[in-house]
Amino acid sequence: MDMEKLVSLCKRRGFIFPSSEIYGGLNGFWDYGPLGVELKRNIKEAWWQDNVRSRDDMVGLDCSIIMNPKVWEASGHVGGFSDPMVDCRETKDRYRADQLYVFKFELPAGPLMVAVAGGTAQDAKDSLDERLSKLGNKNALPIKKKDLPTPSVITYTELPEVDRILVIGPTATSAGSLTEPRQFNLMFSTNVGALADASSKAYLRPETAQGIFANFKNVCDTGRVKLPFGIAQIGKSFRNEITPRNFIFRSREFEQMEIEFFCHPSEAAQWYAYWRKARFDWYVRHGLQSGRLRLRDHDPDELAFYSTATADIEYEFPFGTSELEGIAHRGDYDLSQHTKFSGKDLSYFDEEKKERYLPHVIEPSAGADRATLAFLCEAYQEDEMGGETRTVLKFHPRLAPIKAAVFPLVKKDGMPEKGEKIYRDLKRHFNVFFDEKGAIGRRYRRQDEAGTPLGITIDGQTLEDDTVTFRDRDTGRQWRVPSAGVVQAVRDLVEPSTDA
Ligand code: GAP
């Protein structure tokens, strides 16, 4: 699937627009249009319904975005949440040092070092040829491109300091324009109150998780919960990402759907295994069934120092396989940090075990925007129907922005009135659409492109026996349903069975 086609469909049909587009947009920020907001809301609601409301061991929270800045000292974000950045003095471009790949060609006159920016070494390798051609065109290569030997590759971070002066930056023409890596904190800062000084400095949260830890004691004190239990939150997070890219995959303002699941240390491994599987299955159940979804366990050297296990749920996007959700075994790291920084006792007294302890935490942390993008990529298909090529978004009915579209076949013989009545009945329960204009085939195609699972047509036979035609988006199959049964038939399609 071509990413450009998807981005263009999203714009054209009102799923996703660049933020503040009439002013030229703002890199890393996106707006959800009328169809996109329904899709993303359905994803969040399905997540909330399945993980919070339908469970006995989960409660929800909605915390403020700006919190006491000590929260971020305790969590480690003030000290550590940063990327090493490199600036180019020649072109003023900025790069992440660990995503800057330096290709070293050993030449008789000395080494030639060319840096290429890329998310992965493979991305950089793919762009190397084009980069060398550009340098060749500007006479910036000491020998012809075709005579260059095979290079070795290393990231700028790993490159010995003495060699950095020899590197030609990714958009520069001469060597030595790249600075040393400098730490750059990813948190957006702001000031609270009238005075803009150090004492009023605060941050927009870079994750929703810390609001949950900061409220752990409050939730325990409400008396509604006992271990093991989880606290869930959906909300906006902000990161001043250096290289926002790949549409809504990496943006600077995004939404997270996070769970912190608290349990006795001896049960943590079991709960980790449970959530790792439960979260993977959730995506499959909602349509990620093409084999592009995988579960990848982190190698021991990838783990944070406090974590004994972490797994990523990854999706094969058109631009590469990347993380959709992480499931981390965080031990008691967060609660012990907040105990230390707040001076409050966050331990839990277990009435059943007659034991006081600091619970361990399993954290399934998902991105609502990345999930939206994965569901869009998976749903997008071009296929043949009725001898024509069509574009269709095959969303799971529970996630589809519009559940059904009502079409009077012609604008006469009482069909529009009958259609209007069915539309009004449905609209009390679902997001539905009414369209009486144009050829019926065209109307079907437009709804296929919006991902609407059901077409409901009022036709000649409706006037005779009060049935309507249902049309299935994916197969084009048609069948008749009595008008009185339409609401229930749509409900059967879009509401999950009890195992969801
Ligand atoms: N509390 C743990 C945490 O925040 P993370 O791996 O940094 O972990 C969790 O983020 C999820 O949030 C990611 O798997 C991704 O889905 C989403 N996410 C993180 N940064 C993002 C960004 N810049 N744009 C969109 N989604 C992002």
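In this text, all values refer to a predicted model and were calculated from it rather than measured experimentally.

Some points on helix 1 (residues 3-13)
Here is step 1 of the chain: By the burial criterion, the buried members of helix 1 are M3, L6, L9, C10 and R13. The buried residues of helix 1 all sit within an arc of 125° when viewed along its axis, so they share a single face. Those residues of helix 1 that are exposed and angled more than 90 degrees off the buried face are E4 and R12.
Here is step 2 of the chain: Of the surrounding elements, those touching the buried residues of helix 1 are strand 1 (16-18), helix 2 (34-53), helix 10 (368-379), strand 21 (380-385), strand 22 (388-393) and helix 12 (440-450).

Quick word on the environment of S251
Here is step 1 of the chain: If you trace the backbone, S251 turns up in the loop between strand 13 (229-238) and strand 14 (253-263).
Here is step 2 of the chain: Residue classification places S251 among the buried positions, given a relative accessible area of 4%.
Here is step 3 of the chain: Spatially, the C-alpha atom of S251 lies 39 Å from that of D425, the residues being 174 residues apart in sequence.
Here is step 4 of the chain: Excluding residues within four positions of it along the chain, S251 makes contact with G28, W30, R239, E241 and P244.
Here is step 5 of the chain: Reaching out from S251, the side chain makes a polar contact with the backbone oxygen of E253 at a distance of 3.2 Å.

Focus: the sheet that holds strand 15 (residues 293-297)
Here is step 1 of the chain: Strand order in the open sheet formed by 7 strands is 3-13-14-20-17-16-15, and the pairing between neighbours is mixed. Edge positions in the sheet fall to strand 3 (58-61) and strand 15, since each has one partner strand and no second. Each adjacent strand pair in this sheet contributes to an overall mean axis angle of 20°, direction not counted.
Here is step 2 of the chain: Two elements, strand 14 and strand 20 (residues 360-367), share 6 bridges in a ladder whose sense is antiparallel. Within strand 20, the position partnered with F261 by the bridge is I362.

Focus on helix 9 (residues 333-342)
Residues lying three or four places apart along an α-helix face the same way, a consequence of the helix completing one turn every 3.6 residues.
Here is step 1 of the chain: If you check which residues of helix 9 are buried, you get Y333, D334, L335, Q337 and H338.
Here is step 2 of the chain: Looking one or two residues beyond helix 9, the residue adopting positive phi is G343, at roughly 75°.

What counts and how
- In this numbering scheme, every chain counts its residues from 1 along its sequence in written order.
- The predicted nature of this model means local features are confined to residues of pLDDT at least 70 and side-chain atom pairs, given and counted, to a pLDDT of 80 or more, with totals for whole chains, interfaces and linings taken over all residues.
- Excluding hydrogens and water, the side-chain values take into account all heavy atoms of the structure.
- Under the scheme applied here, a residue whose accessible area is under 20% of the maximum for its type counts as buried, over 50% as exposed, and between as partly exposed, the area being computed with a 1.4 Å probe on protein chains only.
- A run of H or I in DSSP becomes a helix once it reaches four residues, and a run of E becomes a strand once it reaches two; helices and strands are each numbered from the N terminus.
- The arc in question is traced by the directions running from the helix axis to the C-beta atoms.
- When checking whether two residues touch, look at their non-hydrogen atoms; a contact exists if any pair is within 4.5 Å.
- For this analysis, a polar contact is any N or O atom pair within 3.5 Å, provided that within protein one partner can donate a hydrogen and the other can accept it, and provided that sequence-adjacent residues contribute only side-chain to side-chain pairs.
- Two strands pair if DSSP finds at least two bridges between them.
- Note on definitions: angles span 0 to 180 degrees between N-to-C directions of axes, and those axes are lines fitted to C-alpha atoms, for helices only across the stretch in contact.

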